[in-house]
Amino acid sequence: MSEQTAALQDALAAEHAVIWGYGVLGAHLSGAELATAHAADTAHRDRRDAAAALIQQLGVTPVTAEPTYRLPFAVTDRDGALRLAARLEDGAAAAWWYVVGAADADPTRRLAVGALTDTAVRATGWRLIIDPGLAPVPFPGQH
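Bear in mind that the values here come from a model prediction, so they are computed numbers and not experimental data.

1. Some remarks on the overall build of the protein
When helices and strands are tallied, the protein shows 4 helices and 0 strands. Counting from the amino terminus, helix and strand elements in the protein follow one another as α-α-α-α. The C-alpha atoms of the protein give 16 Å as radius of gyration, which agrees with the globular expectation for 143 residues (15 Å, within 12%). C-alpha atoms of the protein, sized along the principal axes, occupy 45 × 45 × 20 Å. For the protein, buried positions account for 38% of its 143 residues. When contacts within the protein are restricted to residue pairs at least 6 apart in sequence, those whose partners lie at least 24 apart make up 77%. Accessible surface, the protein as shown: approximately 7,800 Å² in total, 57% of it carbon and sulfur. Taking the average place of the 11 positive charges on the side chains of the protein and the average place of its 16 negative ones, the gap between the two points comes to 1 Å.

2. What to know about the packing of helix α2 (residues 31-57) against helix α3 (residues 78-102)
Packed helix pairs are characterised by how far apart their axes lie and by the angle those axes make with each other. Relative to each other, α2 and α3 sit at 25°, their axes nearing to 12 Å. Between α2 and α3, the angle is such that the two are roughly parallel. When the axes of α2 and α3 are compared, the crossing they make is left-handed. Only Arg78, Leu82, Glu89, Ala92 and Trp96 of α3 make contact with α2, whose side of the interface consists of Glu33, Ala40, His44, Arg47 and Ala51. Partitioned by chemical class, the residues of the contact of α2 with α3 number 5 nonpolar, 1 polar and 4 charged.

3. Remarks on helix α4 (residues 106-130)
The terminal C-alpha atoms of α4 lie 36 Å apart, and with 25 residues this matches the ideal 36 Å at 1.5 Å per residue to within 8%. Residues of α4 that are buried: Thr108, Leu111, Ala112, Ala115, Thr119, Arg122, Ala123 and Trp126. Elements in contact with the buried residues of α4: α1 (3-25), α2 and α3.

4. Notes on the confidence of the model for the protein
Across the protein, the average pLDDT comes to 93, with 94% of residues at 70 or higher. Within the protein, α2 carries the highest mean pLDDT (98), whereas α4 carries the lowest (94).

5. Examining the environment of Leu25
Summarising the element assignment, Leu25 is placed in helix α1. Overall, Leu25 belongs to the buried group, its relative accessible area being 0%. Distance from Leu25 to Gly101, taken between C-alpha atoms, is 31 Å for residues 76 residues apart in sequence. Residues contacting Leu25, with those up to four places away along its chain left out, are Ala37, Ala81, Leu84, Ala85 and Leu88.

6. Observations concerning the packing of α2 against α4
Closest axis-to-axis distance for the α2/α4 pair is 11 Å, and the angle between their directions is 165°. The pairing of α2 with α4 is recorded here as roughly antiparallel in orientation. Helix-helix and strand crossings are classified by hand; for α2 and α4 the assignment is left-handed. Contact with α2, carried on its side by Glu33, Thr36, Ala37, Ala40, Ala43, His44, Arg47, Ala50, Ala51 and Leu54, involves Pro107, Thr108, Leu111, Gly114, Ala115, Asp118, Thr119, Arg122, Trp126 and Ile129 of α4 and no other residues of that element. Class assignment of the residues belonging to the contact of α2 with α4 gives a composition of 11 nonpolar, 5 polar and 4 charged.

Conventions we followed
Residues numbered from 1 in each chain as written. Predicted model: local features only at pLDDT ≥ 70, side-chain atom pairs only at ≥ 80, totals over all residues. Heavy atoms only, no water. Helix = DSSP H or I, 4+ residues; strand = E, 2+ residues; numbered from the N terminus. Rg over C-alpha atoms; globule rule 2.2 N^0.38 Å. Buried < 20%, exposed > 50% of the residue type's maximum accessible area, 1.4 Å probe, protein only. Contact = heavy atoms within 4.5 Å. Areas by Shrake-Rupley, 256 points an atom, 1.4 Å probe, with all protein chains shown as cover. Lys, Arg positive; Asp, Glu negative; His and termini not counted. Charge placed at Lys NZ, Arg CZ, Asp CG, Glu CD. Axes fitted to C-alpha atoms, helices over the stretch in contact; angles between N-to-C directions. Parallel < 35°, antiparallel > 145°, perpendicular 65-115°, else oblique. Left-handed = near helix turned anticlockwise from the far one by under 90°. Nonpolar A, V, L, I, M, F, W, Y, C, P; charged D, E, K, R; others polar. Expected span 1.5 Å × (residues − 1). pLDDT = per-residue confidence, 0-100.

Below, the structure written as C-alpha cells:
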C-alpha cells in the first residue's frame, strides 16, 4: 500500500471516529449549537464518503467503522460536548494534515486540503463558543 493510500485510510478511520463522537456529543447540545453539530456531522459524513470513494478508485478496500470508540474524557454536559467537538476536529485535522504531505495526485491533495481547512475552521468555531479568548487573532499585527 502506498504512503498516500495509507494516509487516506488513516483519515477515513478518523472520519469514522469523528462521526461517532458527534453522535455522543449531540445529546448534550441544543439550539444553535446542536444545529452546528448536525452540520459538522453532515460535513464529516460527506468527507468520509469522498475518502472511501477515492480509496476504492485506488483499488483498495476502505477501512470500516469500529462498533464503538473510546472518548478522551467523559461527556456528561454541554461543556464536555463542546470540548469534545473541538477535540474531534483537531483529530480529523491531524489525520488530513498527513494526507496533504503524502498526496501524490491532485484529487487526493484537493480532498485533503479542503478537509484540513474545513476542520481547522470548525475547531476554531467550537473554541469561540467555549471561550472567545481561545480564538486566534484575525490578521495579527493589523490592529
